[in-house]
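# Structural characterization, general
Listed here are the chains, written in short residue letters.
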Amino acid sequence: MARQESDKDLLRLPVQYVKGVGPARARQLARLGISTVADLLFHIPRRYEDRSNLTLIWNLAHGKVETTQGTVVSVGDLRPRHGLTITKAAIVDQTGVAYAVWYNQPYIKRMLRKGMQLILTGKVERRFGEIQIQSPEFEVLEGDEEDLLHTGRIVPIYPSTEGLSQRTLRSIVHNALTAFVDAVPEILPGDLRERLHFLEIREALRKMHFPSSEEEHLQARRRLAFEELFLLQLVLLLRKQAMGQVQKGFRYRQDGDLIKRFIESLPYPLTGAQRRVIAEIAADMQSPHPMNRLIQGDVGSGKTVIAAAALVLCVQGGYQGALMAPTEILAGQHYLTLKPLLEPLGIRVALLVGGLEKDQREEVLEGIACGEVDIVIGTHALIQEDVTFARLGLVVVDEQHKFGVMQRARLRQKGFYPDVIVMTATPIPRTLALTLYGDLDLSLLDESPPGRTPVVTYWRRSSSRSKVYAFCREQVQQGRQVYVVCPLVEESEKLEAKAALEMAERLSQTELKGLHIGVLHGRMSLEEKEKVMRSFRNGELDVLVSTSVIEVGIDVPNATVMVIEDADRFGLAQLHQLRGRVGRGPWKSYCILIADPTTEEGRKRLEVMERTSDGFAIAQEDLVLRGPGELFGTRQHGLPDLRVANLLTDLPILEEARREAQRLLQEDPTLEDPRHRGLRGALERRFREQVELVSVS
Ligand code: ADP
Ligand code: MG
C-alpha cells in the first residue's frame, strides 16, 4: 500500500526529474501539455517511421513517401523569384544522390552542415533527371551509441513544438520510460487481462513508444485504447447505475384519461414505432427512478407528437412539463402546434423565450411558479435562467445532439431529479452514442409516418440557377410552397440577414416575379418571425427566403421544394436537416443544391447528399469528413480527451470496453473488491471534475 502511494507520487513528479529535461526543455514540454512524468509517459507517438529497413537512394520510388538515410554533401538557397526561397540539400549514400527541397523555410539551411548524417522522410519526385524529396521531415544522426534509439528500428514520431527536435523528445521519453515506467500502476484486473490477452501496462507503454514490429505496436495500442474507453464506460455506467438508485422524489397519479383523449384527438393514427416509444416513456414515468431516455428518429419521423404525449402523461399525473428547443423559431412553432392540440383537453401551455415583453414574461414566470401553467415551451435558456417550477416532473429536450452529459447533470442540480427525454434527429454514429449518451436508455423511432415519398436531391451549378427557379415557379403554380436558403455566413448573423433580404428582393424582381415572397432571418424580433412563419404555414406566402435559422424542426407539409444556395458551405448534418423540411406531405418533394464548390470536401458533401437520404449514412460520412470533436463538440461536454483511442475507428474496442465494464459492475457494482482498488483510484483521478456524475446520490 505504502509502495503504491509512493509510485503515484513518482508519476506526479515535475517533468524536470526526467534525465535530459532542464528548465528550458520543461517550458517547451509545457507547450505540449506535458508537466509531469506521467504526461510524458503517456505522450503518444503520432506516427512511426520504419528505420529498420531504410530505402536506398537509388530505389526511391516516384510519388511515394519514403524514408532514406545519407550524408549531406552540399546545402544552398535559391531565390528564383521574389518571395520564394528554396533550400536544397544534396544527400548521398552508396547508391546515388538525392536532393531534399524545402520551400520558404530559410532556417533549415542554418541547421544543416556538410558531412552530417540525416534520416529523411518525404514524398519522392523524380524530375528534371533528379531524385527529389519534397519538404522532408528530417533528423540529424549523431553517431554515438545512443543512435540505437534513433535508427535501425521502428522509431516514434511525436507531436512536438518549435525548438524541440524529434531526436531530443525521443531521448527524453526513453529516459522517462527507463526511470519511471515501473511506477505506472496496473489497473486492469488480472482475470480480465488474461481473458482478453492484454499486455501488462508497463510492457504496453514500452511497446507503444518503441515497438519492434507493427504487430507489437498494435498490441500495445489495443491495450491502451481499451483502458481509456473502459474507464470512460465505467464512469457512464456507474452514473447510470447511480441514477437507477436515485428516487425521483415524487409519484405521478395513476388515474386519468387525458392521454387517451389526446391520442384520440390526433388527426392521424400513430405509427407502430410511435406507440412503442410512448409506451416505453410511460413505463419509465411509472418507475420510482428518474427517466433518462434518448429518442432517436430521423427528420420527419414524428418526434413532436411523442414529446407532446410525454408531456400529457406528465400533466395527467399531476406535474408540470417543460419542452426545450434549440431556437426561438422552433420553440414558437412547437407552441403553435401543441397549443391547439392540448388546450381543448384543459391543459395550459405557455411560451417562454427571449423576445417577450417584460410584463408578459413576468406573467409567464409567475404562472410557472404558482403552478397555473402546465406546460412551458422555450429554448435551452429554460435551464440556464432561474425559472422556478411549482412541481416540475418532466423535461423534454428537442433536437439537441449536443446536449451532453454535463448539461444533463445541470438539470439535476439542487438535489432534484425530474424525468428527462432528449430527442435528436441527428443520427449519432454508434461510437458517439455509446460515449456521449452512454448513460441513457435508447428509444429508436425507426418508422416514418405513412404516405411519405422520399425527397429527390439534385446538385446544380449556379449556371443553371434560372432553370431551378423556373421549376420552383411551376411547383407554386401547382399549389405547393418553396424554401430558399441563403448562403451561410459564418460568424455574422447580420451579414446573413442582409444577404437574405437582398436575395428576396432580387428574386421578386426577376425569376420569381409576381409570387408572394417572405423573408426569415435571425435578426428579426420574435413577433416578426412568428408572423412570417404563420403566413407561410397558412399559405399566404409562396416562397420563404431564409437564412439557416430554418434548419431544425420547421414543419410545413405543403412545402415541396428546398433550394439551398451555395450549398457547399453547409455541413452535411445541416444539409440533411434542411432537406428534412420538405417531403412532409403526400407530394413528391425536391431538394436542390446550388453550388460551385471550390474544395474537394465541399464537392464530397454534395455528392453524399445526392447519393443518400439515409441519416445514419450521412452522419457516418460527416464523422469521417470532420472528426468527432468538431461534429459533436465532445470536449465542451466534459468528455476527457482520448490520447490513444479514436472514436472513428475503434468501435470494436469500444464495444468490448462497454461489455467488460458491464460485466465488472455486475460482479462488483461499487468496485469494493480489493482487486479493483486500482481501477477505482484511476477513475477518481481521471474524472475528478466529474465525480458528481459518479456519485450523484
Ligand atoms: P420530426 O420532429 O421527427 O422531424 P415532426 O414531429 O415535425 O417530425 O413530424 C413531421 C410531420 O409528420 C408533421 O407534419 C406531423 O404532423 C406528421 N406526423 C407525425 N406523426 C404522424 C403520423 N403518425 N401519421 C401521419 N403524420 C404524422
Ligand atoms: Mg422535430
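Here the residue index of a chain counts from 1 through its sequence in written order. Chains carry letters from A onward and ligands carry numbers from 1 onward, assigned in written order. Local features in a predicted model are, by the rule used here, given only for residues with pLDDT of at least 70; side-chain atom pairs are given and counted only at 80 or more, and totals for whole chains, interfaces and linings are based on all residues. Just so you know, side-chain values use all the structure's heavy atoms and leave hydrogens and water out.

### A look at the confidence of the model for the protein chain
Quick note on the threshold: Within a predicted model, pLDDT stands for the predictor's per-residue confidence, ranging from 0 to 100. Think of it this way: any DSSP run of H or I at least four residues long counts as a helix, any run of E at least two long counts as a strand, and we number them from the N terminus. Residue contacts are defined here by distance: any two heavy atoms, one from each residue, within 4.5 Å place the two residues in contact.
Mean pLDDT over the protein chain: 86, with 90% of residues reaching 70 or higher. Mean pLDDT values over the elements of the protein chain span from 40, in helix α26 (residues 691-694), up to 97, in helix α7 (residues 201-209). For residues 630-638, every residue scores under 50 in pLDDT, and the model assigns this stretch 28 contacts once sequence neighbours within four places are set aside. Taken together, the stretch residues 689-697 has pLDDT below 50 and engages in 17 contacts with residues farther than four places along the chain or on a different chain.

### Observations regarding the packing of helix α20 (residues 572-579) against helix α21 (residues 600-611)
Stated formally: Only the contacting stretch of a helix is used when fitting its axis, a line to C-alpha atoms as for every element, and angles between N-to-C directions run 0 to 180 degrees. If you view the pair so one helix is near and one far, a crossing is left-handed when the near helix is turned anticlockwise from the far one by less than a right angle, and right-handed when it is turned clockwise.
Direction vectors running N to C along α20 and α21 enclose 35°, while the axes themselves pass 10 Å from each other. The two elements α20 and α21 meet at a crossing, and its hand is right-handed. Seen from α20, the contacting residues are L572, L575, H576 and R579; seen from α21, they are R605, V608 and M609.

### What to know about the sheet that holds strand β6 (residues 130-141)
Going by this rule: Strands are labelled as partners when DSSP assigns at least two bridges between them.
If you trace the five strands once around the closed barrel, you get β2-β3-β4-β6-β5, paired in mixed fashion. Here the average twist between neighbouring strands, direction ignored, is 45°. When strand β2 (residues 65-81) meets strand β5 (residues 117-127), the two strands line up antiparallel, connected through seven bridges. Within the sheet, the bridge partner assigned to E66 lies in β5 and is G122.

### A word on helix α8 (residues 214-245)
Formally: The span you would expect from a helix comes to 1.5 Å times its residue count less one. Throughout, exposure labels follow a simple rule: accessible area from a 1.4 Å probe, protein chains only, divided by the maximum for the residue type, with under 20% read as buried, over 50% as exposed, and the rest as partly exposed.
An ideal rise of 1.5 Å per residue puts 46 Å on 32 residues; α8 measures up with 46 Å between its terminal C-alpha atoms. Counting buried residues along α8, 23 of its 32 residues qualify, which places the element largely inside the surrounding structure.

### A look at the nonpolar core
Put simply, the test is: To define a nonpolar core, start from buried Ala, Val, Leu, Ile, Met, Phe, Trp, Tyr and Cys residues and group those joined through side-chain atoms within 4.5 Å.
Grouped together as the largest cluster of nonpolar side chains are 66 residues, with contacts concentrated most on F262, I281, I347, I377, L394 and I421. Here the element with the most residues in this core is helix α11 (residues 304-316); it accounts for eleven residues. Filtering out sequence-adjacent residues up to four positions away, F262 remains in contact with V305, A308, A309, V312, L341, L342 and L345. In terms of nonpolar packing, the next biggest core, distinct from the first, is built from 64 residues, V21, A204, A661 and L679 among them.

### Describing unusual backbone geometry
Peptide bonds are trans in most cases, and residues, glycine excluded, mostly fall at negative phi. Unlike most non-glycine residues, H197 shows phi in positive territory, near 55°. Tracing the sequence through the fold places H197 in the loop between α6 (190-195) and α7. Residues other than glycine seldom take positive phi values, yet D566 does so here, at roughly 45°. Inspection of the secondary structure assignment puts D566 in the loop between β19 (559-565) and α20.

### Examining the sheet that holds strand β17 (residues 517-520)
On the basis of which strands lie adjacent, the open sheet formed by six strands has the order β15-β20-β19-β16-β18-β17 and parallel pairing. The open sheet is flanked by β15 (456-460) and β17, the only strands paired with a single partner. The sheet shows a mean angle of 15° between the axes of neighbouring strands, taken without regard to direction. When strand β16 (residues 481-485) meets strand β18 (residues 543-546), the two strands line up parallel, connected through four bridges. Residue pairing across strands places Y483 opposite L544, the latter belonging to β18. Its contacts with the sheet place α20 against β15, β16, β19 and β20 (590-594), and it is angled at close to 150° to β19. In the packing of α21 onto the sheet, contacts are made with β15 and β20, and the angle to β15 comes to roughly 150°.

### Some words on the site of ligand 1
Which entries qualify depends on this criterion: Note on definitions. A residue lies near a molecule or strand when any single heavy atom of the residue is within 4 Å of it. Under this definition, polar contacts are N or O atom pairs within 3.5 Å; protein pairs additionally need one hydrogen-donor-capable and one acceptor-capable atom, and for neighbouring residues in sequence, both atoms have to be side-chain atoms. To measure how exposed things are, a 1.4 Å probe is used in the Shrake-Rupley method; for residues, cover is taken only from the protein chains shown. Polarity classes work like this: nonpolar for Ala, Val, Leu, Ile, Met, Phe, Trp, Tyr, Cys and Pro, charged for Asp, Glu, Lys and Arg, and polar for all others, with Gly in that last group.
By nearness alone, 17 residues border ligand 1, and G300, K303, T304, R452 and D555 come closest of all. G302 has a polar backbone atom sitting 3.0 Å from an oxygen atom of ligand 1. Between ligand 1 and K303, the relevant distance is 2.7 Å, taken from an oxygen atom to a side-chain nitrogen or oxygen of the residue. About the coverage of ligand 1: the protein hides 87% of its 570 Å² of free accessible area. For the shell around ligand 1, the per-class residue count stands at six nonpolar, six polar and five charged.

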